[in-house]
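The primary structure of each chain is shown beneath.
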Amino acid sequence: MKLAKRLQSLMPALALATASMPAWAQPAATATGTYQAATGGTGGPIANQLNLQPAATQIASEIYSLHNWMMIVCLVIFVAVFGVMFYSIFKHRKSVGHKAATFHESTAVEIAWTVVPFLIVIGMALPATRTVVGMKDTSNADITIKATGMQWKWGYDYLAGEGEGISFVSNLATPRSQVGEPGIKPTAARGENYLIEVDNEVVVPVNKKIRIVTTANDVIHAWMIPAFGVKQDAIPGFVRDTWFKSEHTGTFRGNCAELCGKEHAFMPIVVKVVTAEEYTAWVDGKKKEMAALADDPNKTWTIDELKTKGEKVYTANCAVCHQANGKGVPGAFAPLDGSAIVNGPKPPQIDVLLHGQKSGKYPAEMPAWKQLSDTDIAAVITYTRNNWSNKPAENIVQPAEIVAARK
């Protein structure tokens, strides 16, 4: 009876602790200005940072609270268990005349050390379960964006909501002069956002539920923004999803969080959260930009036009593996300079760009690049066929040939 009464007396405290934890279903706070001003955070990692990044979403706040709560519980258990253990060792040591006890079994003790841990686990599991359920609830999203991981960049497609139809590829913007090359030291000083800056940011409105659908076209990647409390694997052939609802405007930075190959450290994620008015203006501008950049696949380009455009496509998408000099990386990535495919008939090279290739000669698979436009693929093939020591008989590819190969 005494034990039962003691357990009963613990229940109000347990209920109070559970109620004090944040619930994912609570309405989100309204935006209080920029993230930097409201939280003092940068939206990315900080030198000598000792704790989690300041939260920008309700879910991230709950994760932070759960982290602190469970650390306190673990600390109390640690102090209690080791305190009793060290006290017993010191107070009952043989050198002061104590002898080992000879008692055997204690029903009360056995019940206590079974029930108390059970209550502790329940006290930790209830708020954690609510948060996990909230993290998985991607319903009723205002905007849906597909994030496709690839070696080593992210592709984004706005699938639903304001901005539907927008798509772009997001590459690392840190200059190679700051990074260097294999065996070559960097020649420029590192910038403020070294390795966590991109050429195309994901732009979303504040206080709107954003669903992120993740997948990949080569190996496993992971889309992670710590300030949002978001980390979701992107797996080839599978679709996963997550969501966030930022309570602050500002720029938020993350990285691919799955070891995905040689350039794993070079595929950052940057999300810019803006006001509703700014987002509408961005959508209008982005759609006009996409319309202006859209090329007529039936246009006949000159070889010089294709080479100029192809060099830009190659630098942004191909140089990271095949190197700027086309020599590749021995034992890792195939060289294009002197390649039999590049110097041979056009159809095999077009097929490799559209469908990828696993030759078995190199550990890394050549991924498909069908997400590039017809003009970009034609241009980069033409560039490789007319650069370095390559001198094939068929030295130019027109966008119309790519259109035909896709069918």
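Each value, and the rule that gives it
Residues numbered from 1 in each chain as written. Predicted model: local features only at pLDDT ≥ 70, side-chain atom pairs only at ≥ 80, totals over all residues. Heavy atoms only, no water. Helix = DSSP H or I, 4+ residues; strand = E, 2+ residues; numbered from the N terminus. Rg over C-alpha atoms; globule rule 2.2 N^0.38 Å. Contact = heavy atoms within 4.5 Å. Areas by Shrake-Rupley, 256 points an atom, 1.4 Å probe, with all protein chains shown as cover. Lys, Arg positive; Asp, Glu negative; His and termini not counted. Charge placed at Lys NZ, Arg CZ, Asp CG, Glu CD. UniProt positions renumbered as here; feature names shortened; annotations may be inferred. Pairing = 2+ DSSP bridges. Axes fitted to C-alpha atoms, helices over the stretch in contact; angles between N-to-C directions. Buried < 20%, exposed > 50% of the residue type's maximum accessible area, 1.4 Å probe, protein only. Domains from an automatic or database assignment. Buried area = accessible area lost by both parts, 1.4 Å probe. Polar contact = N/O pair within 3.5 Å; in protein donor to acceptor, adjacent residues only side chain to side chain. Nonpolar A, V, L, I, M, F, W, Y, C, P; charged D, E, K, R; others polar. Expected span 1.5 Å × (residues − 1). Bend = angle between axes of the 7 residues up to and from the residue.

A.B. asks: What exactly am I supposed to notice about the overall build of the protein here?
C.D. replies: Looking only at helices and strands, the protein features 12 helices and 10 strands. The globule rule puts the C-alpha radius of gyration for 407 residues at 22 Å, and the 29 Å found for the protein is more than 25% above it. Expressed as lengths along the three principal axes of its C-alpha atoms, the size of the protein is roughly 95 × 55 × 45 Å. Long-range contacts, defined as pairs at least 24 residues apart, comprise 68% of the intrachain contacts of the protein with a sequence gap of at least 6. With an accessible surface of roughly 22,300 Å², the protein has 61% of that area assigned to carbon and sulfur atoms. Side-chain charges of the protein comprise 39 positive and 35 negative groups, with the mean position of each set lying 10 Å from the other.

A.B. asks: I'm lost on the UniProt feature "domain: Cytochrome oxidase subunit II transmembrane region profile" (unreviewed entry) in the protein in this one. Help?
C.D. replies: When the UniProt feature table is mapped onto this chain numbering, "domain: Cytochrome oxidase subunit II transmembrane region profile" (unreviewed entry) sits at residues 44-139. With 67% helix and 0% strand, the stretch residues 44-139 has end C-alpha atoms that lie 27 Å from each other.

A.B. asks: It is not clear to me how the sheet that holds strand 7 (residues 230-234) should be interpreted in this structure. Could you clarify?
C.D. replies: Paired through their backbone hydrogen bonds, the strands of a sheet run either parallel or antiparallel. One open sheet holds the 5 strands; their spatial order is 4-10-9-6-7, and the pairing between them is mixed. Two strands bound the open sheet, and with one partner strand each, they are strand 4 (202-205) and strand 7. Geometrically, the sheet is characterised by an average inter-axis angle of 25° between neighbouring strands, direction not taken into account. Pairing geometry for strand 4 and strand 10 (residues 268-274), over 4 bridges, is parallel. Residue pairing for strand 10: Val204 is matched across the bridge by Val273. Those strands touched by helix 6 (residues 276-293) are strand 4 and strand 10, and its axis lies near 135° from that of strand 4.

A.B. asks: Can you help me understand the UniProt feature "domain: Cytochrome c" (unreviewed entry) in the protein in this one?
C.D. replies: UniProt feature "domain: Cytochrome c" (unreviewed entry): in the numbering of this structure it lies at residues 305-388. In the segment residues 305-388, helix accounts for 51% and strand for 0%; the C-alpha atoms at its two ends are 18 Å apart.

A.B. asks: Any chance you could explain the pairing of strand 9 (residues 250-256) here in plain terms?
C.D. replies: Both faces of the sheet carry side chains from a regular strand, because those side chains alternate between them. Within strand 9, 6 of the 7 residues are buried, which leaves the element mostly enclosed by the surrounding structure. With 2 bridges joining them, strand 6 (residues 221-225) and strand 9 adopt antiparallel strand pairing. Bridging from a neighbouring strand, Trp223 pairs with Cys256 of strand 9. Across 6 bridges, the pairing between strand 9 and strand 10 is antiparallel. Bridged to Phe252 within strand 10 is Val271.

A.B. asks: What am I meant to see in the environment of Met366 here?
C.D. replies: Tracing the backbone shows Met366 in the loop between helix 10 (346-355) and helix 11 (374-385). Placed 11 residues apart in sequence, Met366 and His355 show a C-alpha to C-alpha distance of 8.8 Å. With near-sequence residues (within four places) excluded, Met366 lies in contact with His322, Val352, Gly356 and Gln357.

A.B. asks: Is there a simple way to think about the sheet that holds strand 8 (residues 240-244) in this case?
C.D. replies: Reading across from one edge, 3-2-1-5-8 is the order of the 5 strands in this open sheet, with mixed pairing throughout. In the strand order of this sheet, the two ends are held by strand 3 (167-170) and strand 8, each with one partner. Adjacent strand axes in the sheet meet at a mean angle of 25°, parallel and antiparallel pairs treated alike. Bridge analysis of strand 5 (residues 210-216) against strand 8 gives 5 bridges, and the strand direction is antiparallel. Paired with Ile212 across the strands is Thr242, a residue of strand 8.

A.B. asks: Quick question: what am I supposed to make of the domain arrangement of the protein here?
C.D. replies: You'll often see interface size given as the accessible area lost when the parts meet. Each assigned domain of the protein is listed here: domain 1 (37-44 + 52-91 + 109-136), domain 2 (143-177 + 194-293) and domain 3 (303-406). One C-alpha centre belongs to domain 1, the other to domain 2; they are set 32 Å apart. Each side of the interface is counted separately: domain 1 has 17 residues, and domain 2 has 14 residues. Three residues stand out in domain 1 for area buried against domain 2, namely Gly43, Ala56 and Thr57, and they jointly supply 41% of the buried area on that side. There are 7 residue pairs in polar contact (both at pLDDT 80 or more) connecting domain 1 and domain 2. Considering each element in turn, the side of domain 1 that touches domain 2 owes the most residues, 4 residues, to helix 3 (residues 58-91). For the side of domain 1 that touches domain 2, the class distribution of residues is 8 nonpolar, 8 polar and 1 charged.

A.B. asks: Teacher, can you tell me more about helix 4 (residues 107-136) here?
C.D. replies: Relative to the 44 Å expected for 30 residues at 1.5 Å per residue, helix 4 spans 42 Å between its end C-alpha atoms, a close match to the ideal helical length. Along its length, helix 4 reaches its greatest deviation from straightness, about 25°, at Ala125, and the proline Pro127 lies no more than four positions downstream. For helix 4, every residue scored as buried is listed here: Leu119, Gly123, Met124, Pro127, Ala128, Thr131 and Gly134.

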